[in-house]
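# Residue-level structure breakdown
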Amino acid sequence: MKNKPEVWQPLSINKIGTIFAPIPLKWWIAGGWALDLYLRKQTRQHDDIDIVILQRDNKILQQFLHPEWELFKAHKGELIRWRSDEFLHSKYDNLWVRKKGEKVWSYQVMLLETDGDYWVYKREKTVRKFVNEIGMLSPEGIPYLRPEIQLLYKGGSSVLREKDETDLKNVIWKLAISERLWLKKALAKQFPAGHRWCDRIEMKRYE
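In this text, all values refer to a predicted model and were calculated from it rather than measured experimentally.

Bringing the side chain of D36 into the picture now. Mapping D36 onto the fold places it in helix 2 (residues 31-39). Although D36 is buried, it forms no salt bridge, and the closest oppositely charged side chain is R44 at an N-O distance of 6.2 Å. When residues no more than four places from it in sequence are discounted, the contact partners of D36 are K41, Q42, T43, R44 and H46.

Structure representation (structure tokens):
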């Protein structure tokens, strides 16, 4: 980011649960931690921790976090303070959060687009699921984004990172056939000219 140091001391999953459980909205752990919750083990180092909520619930989030936390909108390489009286436009879908008075970042909140009862994949709006079907629950009661959806966000990014490839390798063959096919079809819709993950999903063994 241009105007803020990218210094992170991410909170633990349990701490996130303590913060978010009292807030009256739907939320899920996302990113690499979501995949590790699905696998029930930590598979790699995580530099931060992401939470997703529905974009329409953003004012509820702010109301509950504002007394203790500072929220910034991440947009085009800049971090812009989210004022308490400001309506959050849908173009803002990434919030950085830190404790008031501190300089290090604690967690990110991503905002998911919806259409009525449906979650909508912003990069390809024909890809959607019922909001009540996009998450799973860990044995400890922590909600997290379904692995096939999280892999879609990773695979659908403009840059595929080494950790994204690692996450695919760790998770893809743990998924049910229907989940793998859903991921493949979603990527094919976003990338009609082809995506290298689609061929790998068809392989009998990921290498």
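The complete set of buried residues in helix 5 (residues 162-171) reads D164, E165, D167, L168 and V171. For helix 5, the angular spread of buried residues about the axis comes to 160 degrees, placing them on one side. In helix 5, the exposed residues that point more than 90 degrees away from the buried face are E162 and K169.

Side-chain pairs of opposite charge can arise whenever the charged atoms involved come near each other. Under the counting rule described, the total for this entry stands at 16 salt bridges. Here D167 and R44 are joined by a salt bridge, their closest N and O atoms 2.9 Å apart. Pair noted here: D167 is in helix 5 and R44 is in the loop between helix 2 and strand 2 (50-54), with a separation of 123 residues, a long-range link. For the residue pair D167 and R44, the accessibility class agrees, reading buried in each case. Linking R83 and D85 is a salt bridge whose minimum nitrogen-to-oxygen distance equals 3.3 Å. Looking at D85, the relative accessible area reads 62%, which means it is exposed. What you see here is one network of salt bridges that share partners, running through R44, K154, R161, D164 and D167.

Here H195 is to be found in the loop between helix 6 (177-190) and helix 7 (196-202). One polar contact links the side chain of H195 to the main-chain carbonyl oxygen of G155, over a distance of 2.8 Å. For H195, the contacting residues outside a window of four places in its chain are G155, L160 and L187.

So, about the packing of helix 2 against helix 5. Contact pair helix 2 / helix 5: the axes reach a minimum separation of 11 Å and the direction vectors enclose 15 degrees. Relative to helix 5, helix 2 is oriented roughly parallel. Crossing hand, helix 2 versus helix 5: left-handed. Two secondary-structure elements touch here, helix 2 through G32, L35, Y38 and L39 and helix 5 through D167, N170 and V171. For the contact of helix 2 with helix 5, a count of residues per class yields four nonpolar, two polar and one charged.

Conventions we followed
Residues numbered from 1 in each chain as written. Predicted model: local features only at pLDDT ≥ 70, side-chain atom pairs only at ≥ 80, totals over all residues. Heavy atoms only, no water. Helix = DSSP H or I, 4+ residues; strand = E, 2+ residues; numbered from the N terminus. Buried < 20%, exposed > 50% of the residue type's maximum accessible area, 1.4 Å probe, protein only. Lys, Arg positive; Asp, Glu negative; His and termini not counted. Salt bridge = Lys/Arg side-chain N within 4 Å of Asp/Glu carboxyl O. Contact = heavy atoms within 4.5 Å. Arc of directions from axis to C-beta. Polar contact = N/O pair within 3.5 Å; in protein donor to acceptor, adjacent residues only side chain to side chain. Axes fitted to C-alpha atoms, helices over the stretch in contact; angles between N-to-C directions. Parallel < 35°, antiparallel > 145°, perpendicular 65-115°, else oblique. Left-handed = near helix turned anticlockwise from the far one by under 90°. Nonpolar A, V, L, I, M, F, W, Y, C, P; charged D, E, K, R; others polar.

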